[in-house]
Amino acid sequence: MATAVMSQTRSYLALCKLRVVSLIVFTALVGMALAVPGMIPLDALILGNLGIGLAAASAAAINHLLDARTDGHMLRTRHRPLPTGQLSERKVIIFAASLAVASMLILVLFINVLTAVLTFVSLIGYALIYTVWLKHATPQNIVIGGAAGAAPPVLGWIAVTGEIHPHALILFLIVFVWTPPHFWALAIYRRHDYAAADVPMLPVTHGVTFTRWQILFYTIILILVTLLPWLTGMSGLVYLAGAMVLNLGFLGYAIAMLKPKSEQLAMQMFNYSVLYLMALFAFLLIDHYLTFI
């Protein structure tokens, strides 16, 4: 009995994509921190991040539900709870809906309506517009759909201030421009999976060489965009120094990807890109609080 409960629990947790959700919550938290000169208000810190995190987990579960047939054709995803039959569609629908309702109640009752509305829009953008339409409609799917994934730092900012600030939009832009090279590195490594599932990712429709050049172009744009916090006075030299070191690593991978020595390089760049975003936002956080010491 206990083993069955643990197995079900692991399946539900798998639906939530906890590693992705943790990155989302972290960028939201940084958005909150940068919105105020001192410490983040306790209600926004706890309940705001909880509401945003629950919405992200709900979107992930809906993504599992709508992508179940596609996931069954891909080596990377065929062991997910729905393709393997560990969970039924009905259970996943109830679970996703419960998370979404809980998220909206928390944000409306304890944070503010604007945060709740924009969080819900982001949920719909990823779970429905991207998964149902964009993912299968265009090889630019991840570029357009990246807007939903770039929203958390803005949501965090609004959770504290109740308004959208230009500095919050800079954080949005950083994540938005980071998303294509991050995901295309994975898409190159898993291109045969996407081809088998008939998903028009860029390496499938335009070839690997074209995608590698696109990764380099977006990486150059990303480097320029990450200068904006310093250029606008949002952050100082600590952030700038950290960002430059991280950008050198990202650019190094992008250049190496043009003539890779092994297929593993694409996956290495993908893994680095995750650490890159976490570290970049960590430098924003550190720089912000060093200013007030």
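Structure: above.
Residues numbered from 1 in each chain as written. Predicted model: local features only at pLDDT ≥ 70, side-chain atom pairs only at ≥ 80, totals over all residues. Heavy atoms only, no water.

## Some details on the pattern of salt bridges
- As enumerated under the stated definition, the model contains 3 salt bridges in all.
- Aspartate 71 serves as the salt-bridge partner of arginine 80, at 3.2 Å between the closest nitrogen and oxygen.
- Two residues, glutamate 263 and arginine 191, come together in a salt bridge whose shortest N-O distance is 3.1 Å. Of the two residues, glutamate 263 sits in the loop between α14 (237-256) and α15 (264-290) while arginine 191 sits in helix α10 (residues 191-196), which places them 72 residues apart along the sequence.
- On the basis of relative accessibility, which here comes to 41%, the residue glutamate 263 falls in the partly exposed class.
- What makes arginine 191 buried here is its relative accessible area of 16%. (Salt bridge = Lys/Arg side-chain N within 4 Å of Asp/Glu carboxyl O. Helix = DSSP H or I, 4+ residues; strand = E, 2+ residues; numbered from the N terminus. Buried < 20%, exposed > 50% of the residue type's maximum accessible area, 1.4 Å probe, protein only.)

## Remarks on the packing of helix α9 (residues 166-189) against helix α12 (residues 208-225)
- Remark: α9 packs on α12, axes separated minimally by 9 Å, with the N-to-C direction vectors making an angle of 155°. With respect to α12, the axis of α9 lies roughly antiparallel. Both α9 and α12 take part in a crossing whose hand is left-handed. Taken together, the residues of α12 that come into contact with α9 (itself represented by Leu173, Ile174, Val177, Trp178, Pro180, Pro181, Trp184, Ala185 and Ile188) are Val208, Thr211, Arg212, Gln214, Ile215, Tyr218, Thr219, Ile221, Leu222 and Val225.
- A breakdown of the residues in the contact of α9 with α12 according to their chemical character gives 15 nonpolar, 3 polar and 1 charged. (Axes fitted to C-alpha atoms, helices over the stretch in contact; angles between N-to-C directions. Parallel < 35°, antiparallel > 145°, perpendicular 65-115°, else oblique. Left-handed = near helix turned anticlockwise from the far one by under 90°. Contact = heavy atoms within 4.5 Å. Nonpolar A, V, L, I, M, F, W, Y, C, P; charged D, E, K, R; others polar.)

## Side note on helix α7 (residues 141-149)
- Buried residues of α7: Asn141, Ile142, Val143, Gly145, Gly146 and Ala148, and no others.
- At its buried positions, α7 is contacted by α6 (113-137), α8 (152-161), α9 and α12.

## Observations concerning the nonpolar core
- One finds Leu34, Ile174, Trp178, Tyr276 and Phe281 to be the most contacted residues of the largest nonpolar core, which totals 94 residues.
- Per-element tally for this core: the top contributor is α9, with 13 residues.
- Setting aside its immediate chain neighbours within four residues, isoleucine 174 contacts Leu222, Val225, Thr226, Pro229, Tyr239, Leu280 and Phe281. (Core = buried A, V, L, I, M, F, W, Y, C linked by side-chain atoms within 4.5 Å.)

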